[in-house]
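# Summary of structural features
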Amino acid sequence: MADIITVGTLESSDCMVSLKPSKTLEIKIDTIVHEAFYHHIKTVVEKILNEAELKNIHLSLTDKGALDYTIKARLKTAIERFKEANNG
Amino acid sequence: MEFKEVVIKEERQAVASFLKTFNLTLEKDVDTTLALYDENTLIATASASENIIKCVAIHPDYQHQNHLNFLMSKLIKKLTENHRHLFVYTMPEHVEIFKSLGFKEIVQTMNLSFMELFGDITATLKALRDNQNIDKAAKASVVINANPLTNGHLHLIKTAAQSSKHLIVFVVSEDRSFFPFEDRFKIIKTALKEYDNITVLPTMDYLVSYATFPKYFMKNEQTIKEEHALIDVLTFKQHYMKIFNISARFVGEEPYSPVTDTYNQTMKHYLGDGLQIIKRKTIDEEPISASTVRSLLKKNGLESIKRYVPKSTYDYLTSDKGQAIIKELKNYDRRH
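Predicted model, so just to flag it, every value in this text is computed and none were measured.

The subject of this paragraph is the nonpolar core. Residue and element names in this part refer to chain B. Ranked by size, the top nonpolar core spans 53 residues in total, and within it Tyr89, Phe170, Phe236, Tyr240 and Phe244 carry the most contacts. Broken down by element, this core gets its largest block of residues, 10 residues, from helix H7 (residues 221–243). Counting the residues that make up this core, at least three belong to each of domain 1 (2–119) and domain 2 (122–335). Ranked by size, the runner-up nonpolar core spans 41 residues in total, among them Phe181, Ala248, Phe250 and Ile326.

Structure, rendered in C-alpha cells:
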C-alpha cells in the first residue's frame, strides 16, 4: 500500500535512502560529515537521479559516514525498487 | 545480538517490564514492537502505534554502541511498508538522537519534542497553500474533526465566516474516527459550497487526536491533557498560523468534555485575543455536539438526528456507506 521505498540502515558506515512520489523534486540529506562531504553527496545524488530520469520525487538520505560506493549502491537499489513498485 | 519482532504474550510482557525500569509503559495502542537481545537478555526495544514511534529504550550498559541505530533502522523499514510519514514524541534531551536518525523537529515544549521523518511541515503546508491559490491576506480559521458534521459546527463556521473576509476550515485528516476522513471532508465541502469566502482544507498529518498522543511520559491525566493541548496549539500557532497568515481561530464553548475544555484553556493562554470562543448552538437547551449525534444514531436511528445535522450529513447517512457506519456504531456499543 505504501509507495515509499526504504533501503539501507542507520548503522555506522552505512546510509538509509528513502524515496516517495512528490509533486516536485525534493532532496533532503542528513550526514554526520556535513562540513566535508555534504556538497559531494548532493552532487552524487543529483547525478544518479538525473541518470534515472526521476524528477517528481522526495528523496531522503541519512548518512552515517558511508563511502561513496555504498551511497551509490544504496541509491541505485532504492531507485530500482521505486521504479518496480511504481510501474507495476 | 539477536533481533526479533515481538509477537507472543510472554515477549510483550518482558518488554513491558524492561520499559518499567525506565519509568515507561508499553502503551495499549502499540501495534509493532521490536526487541534486541544479547544472549537472551533484552537490551533494547522500540515500538509504534501505526505511524507513531513510541516506547524506545536501551539498556544503559549498551548505549553508544550503535545498537539503537540498528533497531531503529529495522523499525523504520518495517513501518514504511505501510506508512509514508513517521512521527515520534520524545523528551527534549533525546532530540539529538532522533535528529541523527533523520528526524526533524516540528515543535518542542518543556517536556516533549514532536518530530517527523520523511516529511516536512513547512514544505507540506506551503504546498497546500500554493496549490489552493490562497492569498497572503489575514484569515480566520476553524479546526474540526466533524465526526460527523452537525448544525453546531455549521453555526461555528457561519459565525466565523461573518466576522472575516476569508475563513479556512481545517478538517482533521487523521483517520481514527467512525466517519472516514474522505467522507467527513466531502460532507463539509457540500455543506459549505455556497460560501465563496470559505476554503476547506485537510490538516494533513500534523494535528493529532488525544487518542494517539503518548501517555507514558507523564504521570497524571491532567498533565497529559495539558501537554497534548500544548503540542497541538503550538504546532497550530508556529506553523499553520504563520504559513496561512491566520489571525483568529474560532472554537465552540465546551461545557462538558474535560479534554476539550483543557484544550480551549490552553489555546486561550497561547493565542490570547486570537482565540474567539463561540457559544454553542442548542436544541432543547442542550448543546449540539458530534458525540450527541453519534449516541442518538446508536440508540434511536437516523430519523432522531434530523434536527441536529445539515442535509449533506443526513444524505450521506442514507447512503450505503452511511448505513454501514450506523450499523458499526450500534455494534460498537454492544462490544463494550
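Having put the structure on the table, let's press on.
This part is about the packing of aromatic side chains. Residues and elements named next belong to chain B. Summed over the entire model, instances satisfying the criterion amount to 14 aromatic pairs over all chains. Ring geometry for phenylalanine 3 and phenylalanine 70: centres 5.9 Å apart, planes at 85 degrees, overall edge-to-face. With phenylalanine 3 in strand S1 (residues 2–5) and phenylalanine 70 in helix H2 (residues 67–79), the pair connects residues that are 67 residues apart, well separated along the chain. With centroids separated by 4.6 Å and ring planes inclined at 10 degrees, the aromatic side chains of tyrosine 89 and phenylalanine 114 adopt a geometry described as stacked. Here phenylalanine 114 lies in strand S7 (residues 113–117) and tyrosine 89 lies in strand S5 (residues 86–90), a separation of 25 residues in the sequence. Taken together, the ring pairs in this structure connect Phe87, Tyr89, Phe114, Tyr206 and Phe213 into an aromatic cluster. Above the plane of the ring of tyrosine 37 lies lysine 4, whose end atom (NZ or CZ) is 5.0 Å from the centre.

Now for the sheet that holds strand S4 (residues 57–63) of chain A. The sheet built from 4 strands is open, its strands ordered S1-S2-S4-S3 (chain A) with mixed pairing. Single-partner strands in this sheet number two, and they are strand S1 (5–8) and strand S3 (26–31) of chain A. If you compare each strand with its neighbour and ignore which way they point, the axes differ by 10 degrees on average. Where strand S2 (residues 15–21) of chain A meets S4(A), 7 bridges bridge the pair, whose relative direction is antiparallel. Note on S4(A): the bridge partner recorded for Val17(A) is Leu61(A). The sheet strands contacting helix H1 (residues 34–51) of chain A are S3 and S4 of chain A, and the helix crosses S3(A) at an angle near 145 degrees. Against the sheet, H2(B) contacts S1 and S2 of chain A, and its axis sits at roughly 155 degrees relative to S1(A).

At the junction of the two partners, chain A supplies 22 residues and chain B supplies 18 residues. Summed over the three residues of chain A that lose the most area to chain B, namely Ile4(A), Leu10(A) and Lys20(A), the buried surface amounts to 26% of that side. Summed over the shared surface of chain A and chain B, the result is 0 salt bridges. Applying the counting rule to chain A against chain B returns 9 residue pairs in polar contact (both at pLDDT 80 or more). If you list the elements that add at least two residues to the side of chain A that touches chain B, you get S1, S2, S3 and S4 of chain A. The biggest single contributor to the side of chain A that touches chain B is S2(A), with 4 residues. A per-class count over the side of chain A that touches chain B returns 7 nonpolar, 8 polar and 7 charged.

Quick look at the side chain of Ser289(B) now. Residues and elements named next belong to chain B. Following the sequence through the fold, serine 289 ends up in the loop between strand S14 (286–287) and helix H9 (290–300). The exposure class assigned to serine 289 is buried, which follows from its relative accessible area of 17%. At 3.1 Å, the side chain of serine 289 and the side chain of serine 291 are in polar contact. Side-chain polar atoms of serine 289 contact the side chain of threonine 292, separated by 2.8 Å. Look past the residues within four positions of serine 289 in its chain and what remains in contact with it is Thr150 and Arg280.

This part covers the domain arrangement of chain B. All names here are of chain B. Domain boundaries assigned for chain B yield domain 1 (2–119) and domain 2 (122–335). Across the domain 1/domain 2 interface, buried area totals approximately 2,000 Å², and carbon plus sulfur atoms make up 61% of it. Sorting the residues of domain 1 by area buried against domain 2 places Tyr89, Val107 and Leu112 first, and these three jointly supply 27% of that buried surface. Linking domain 1 with domain 2 are 1 salt bridge.

What follows is about the packing of helix H4 (residues 121–131) of chain B against H7(B). All names here are of chain B. Axis separation between H4 and H7 bottoms out at 9 Å; the angle between their running directions is 35 degrees. In the crossing of H4 with H7, the sense of the turn from one axis to the other is right-handed. Touching Ile121, Thr122, Leu125, Lys126 and Arg129 of H4 are Thr235, His239, Tyr240 and Ile243, all from H7. Taken together, the residues of the contact of H4 with H7 break down into 4 nonpolar, 3 polar and 2 charged.

Here we take up helix H5 (residues 151–162) of chain B. Taking 1.5 Å per residue as the helical rise, H5(B) with its 12 residues ought to reach 16 Å, and the 16 Å between its terminal C-alpha atoms agrees with that figure. You can read the cap of H5(B) off the contacts: a side-chain oxygen lies 3.0 Å from the backbone nitrogen of Gly152(B), and it is on Thr150(B).

With that out of the way, let us pick up the pattern of salt bridges. Residue and element names in this part refer to chain B. Within this structure, the stated rule accounts for 21 salt bridges over all chains. A salt bridge links glutamate 221 to lysine 225; the shortest N-O distance between them is 3.6 Å. Linking glutamate 221 with lysine 225, this pair stays in helix H7, spanning 4 residues, or about one helical turn. One connected set of salt bridges, linked through shared partners, spans Glu27, Asp29 and Lys54.

Here is what the cut-offs are and how they apply
Residues numbered from 1 in each chain as written. Chains lettered and ligands numbered in written order. Predicted model: local features only at pLDDT ≥ 70, side-chain atom pairs only at ≥ 80, totals over all residues. Heavy atoms only, no water. Core = buried A, V, L, I, M, F, W, Y, C linked by side-chain atoms within 4.5 Å. Buried < 20%, exposed > 50% of the residue type's maximum accessible area, 1.4 Å probe, protein only. Helix = DSSP H or I, 4+ residues; strand = E, 2+ residues; numbered from the N terminus. Domains from an automatic or database assignment. Phe/Tyr/Trp six-rings, centres within 6.5 Å; stacked < 30°, edge-to-face > 60°. Lys NZ or Arg CZ within 6 Å of the ring centre and 35° of its normal. Pairing = 2+ DSSP bridges. Axes fitted to C-alpha atoms, helices over the stretch in contact; angles between N-to-C directions. Contact = heavy atoms within 4.5 Å. Buried area = accessible area lost by both parts, 1.4 Å probe. Salt bridge = Lys/Arg side-chain N within 4 Å of Asp/Glu carboxyl O. Polar contact = N/O pair within 3.5 Å; in protein donor to acceptor, adjacent residues only side chain to side chain. Nonpolar A, V, L, I, M, F, W, Y, C, P; charged D, E, K, R; others polar. Left-handed = near helix turned anticlockwise from the far one by under 90°. Expected span 1.5 Å × (residues − 1).

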